[in-house]
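Tertiary structure, described
Here are the chains, one letter per residue:
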Amino acid sequence: MASIEIGATNWRRIEVGRVLKLENAGLAVIVEIIDHKRALVDGPSTDAKLATPRGVVQLSRTLLTPISIDNLPRGARTGAVKKAWEAASVDTKWAENNWAKKQLQQERRQSLTDFDRFKVMRLKKQRRFEERKALAKIRASA
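Residues numbered from 1 in each chain as written. Predicted model: local features only at pLDDT ≥ 70, side-chain atom pairs only at ≥ 80, totals over all residues. Heavy atoms only, no water.

Our working rule: UniProt positions are given in the numbering used here, feature names are shortened, and annotations may be inferred rather than shown by experiment.
As recorded by an unreviewed UniProt entry, the chain carries the name Large ribosomal subunit protein eL14 domain-containing protein and is attributed to Parathielavia hyrcaniae. Database annotation for the chain, UniProt heading Sequence similarities (unreviewed entry): "Belongs to the eukaryotic ribosomal protein eL14 family."

1. As for the overall build of the chain
Spelled out, the test is: Numbering of helices and strands starts at the N terminus; helices are DSSP runs of H or I of at least 4 residues and strands are runs of E of at least 2. Here the globule rule is a power law, 2.2 Å times the number of residues to the power 0.38, and the radius of gyration is based on C-alpha atoms. When accessible area is computed with a 1.4 Å probe and restricted to protein chains, residues below 20% of their type maximum are described as buried, those above 50% as exposed, and intermediate ones as partly exposed. The Shrake-Rupley method, run with a 1.4 Å probe, gives the accessible areas here. Residue values count only the displayed protein chains as cover. Charge assignment: positive for Lys and Arg, negative for Asp and Glu; neither His nor the chain ends contribute. By convention, the point assigned to a charge is CZ for Arg, NZ for Lys, CD for Glu and CG for Asp.
Helices and strands together make up the secondary structure of the chain, namely four helices and five strands. Counting from the amino terminus, helix and strand elements in the chain follow one another as β-β-β-β-β-α-α-α-α. For 142 residues, the compact-globule estimate of 2.2 N^0.38 gives 14 Å, and the C-alpha radius of gyration of the chain, at 22 Å, exceeds that figure by more than 25%. Principal axes of the C-alpha set define a box for the chain whose edges measure 65 × 60 × 30 Å. Looking at the chain as a whole, 28% of its 142 residues are labelled buried. By element, 54% of the accessible surface of the chain is carried by carbon and sulfur atoms, the whole surface being about 10,900 Å². Taken as two groups, the 29 positive and 16 negative side-chain charges of the chain have centres that lie 7 Å from each other.

2. Focus on the nonpolar core
Filter applied, for reference: By nonpolar core we mean a set of buried residues, namely Ala, Val, Leu, Ile, Met, Phe, Trp, Tyr and Cys, connected to one another through side-chain atoms within 4.5 Å. Throughout, a residue-residue contact means that at least one pair of heavy atoms, one from each residue, lies within 4.5 Å.
Ranked by internal contacts, the top residues of the largest apolar core, which has 16 residues, are V29, I69, L72 and V90. Among the elements of the structure, β2 (27-33), α1 (78-87) and α2 (90-96) are those that each provide at least two residues to this core. Every residue in contact with V29, bar those within four places of it in the chain, is listed here: G17, R18, V19, L40, V41, D42, I69, L72, V81 and W85. In terms of nonpolar packing, the next biggest core, distinct from the first, is built from eight residues, L20, I30, V41 and L59 among them.

3. Quick word on unusual backbone geometry
Even without a glycine there, the phi angle at N71 is positive, about 60°. With respect to the secondary-structure elements, N71 resides in the loop between β5 (62-68) and α1. In this structure, S89 takes a positive phi of about 45° despite not being glycine. Position of S89 relative to the elements: it lies in the loop between α1 and α2. Classification of S89 by relative accessible area gives partly exposed; the value is 31%.

4. Some points on a positive patch on the surface
What counts, and what does not: In this scheme, patches are assembled from residues that exceed 30% relative accessible area and form no salt bridge. Like charges are connected within 9 Å, while nonpolar side chains (Val, Leu, Ile, Met, Phe, Trp, Tyr) are connected within 5 Å. A pair is scored as a salt bridge if a Lys or Arg side-chain nitrogen falls within 4 Å of a carboxyl oxygen belonging to Asp or Glu.
Together, R109, R122, K124, K125, R127, R128 and R132 line one region of the surface with positive charge. Its place among the elements puts K125 in helix α4 (residues 114-141). The class of K125 is partly exposed, set by a relative accessible area of 41%.

5. Some points on the UniProt feature "domain: Large ribosomal subunit protein eL14" (unreviewed entry) in the chain
Sites flagged by UniProt as "domain: Large ribosomal subunit protein eL14" (unreviewed entry) map to residues 53-128. The span residues 53-128 shows a helical share of 59% and a strand share of 17%, and its end C-alpha atoms are spaced 47 Å apart.

6. Focus on a nonpolar patch on the surface
A cluster of nonpolar side chains, contributed by F115, F118 and M121, occupies part of the molecular surface with about 310 Å² of accessible area. Its location among the elements puts F115 in helix α4.

So, in structure tokens, the structure goes:
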């Protein structure tokens, strides 16, 4: 007979200690689940853009991240959440995340001036020319 292996899923769950990305681009951790639509969150990030004051948020206005803080007690106060946040090094994990890198790149592109966009276009054209020249050289030698 064939053996069947049953394992737990890797889906992200709404749980106490799960780090959320809020609509306003902030990060917060679930401290208490109020009901199936709302949760009490706190975001004691050291980065001012990511910091979120303690409050209730609708879960439909959040996105779950793969980052979580293990063994965070339910209803933990801000001081305990801050200590657990720093112990889990959430800020560094977020900075290493591709999601954060992509968001940072989008912010940089939005802040470009017209002349900066022109310079980027010229650099892309130069790169494309060099790539095609190298490819033609390889094809000619083959």
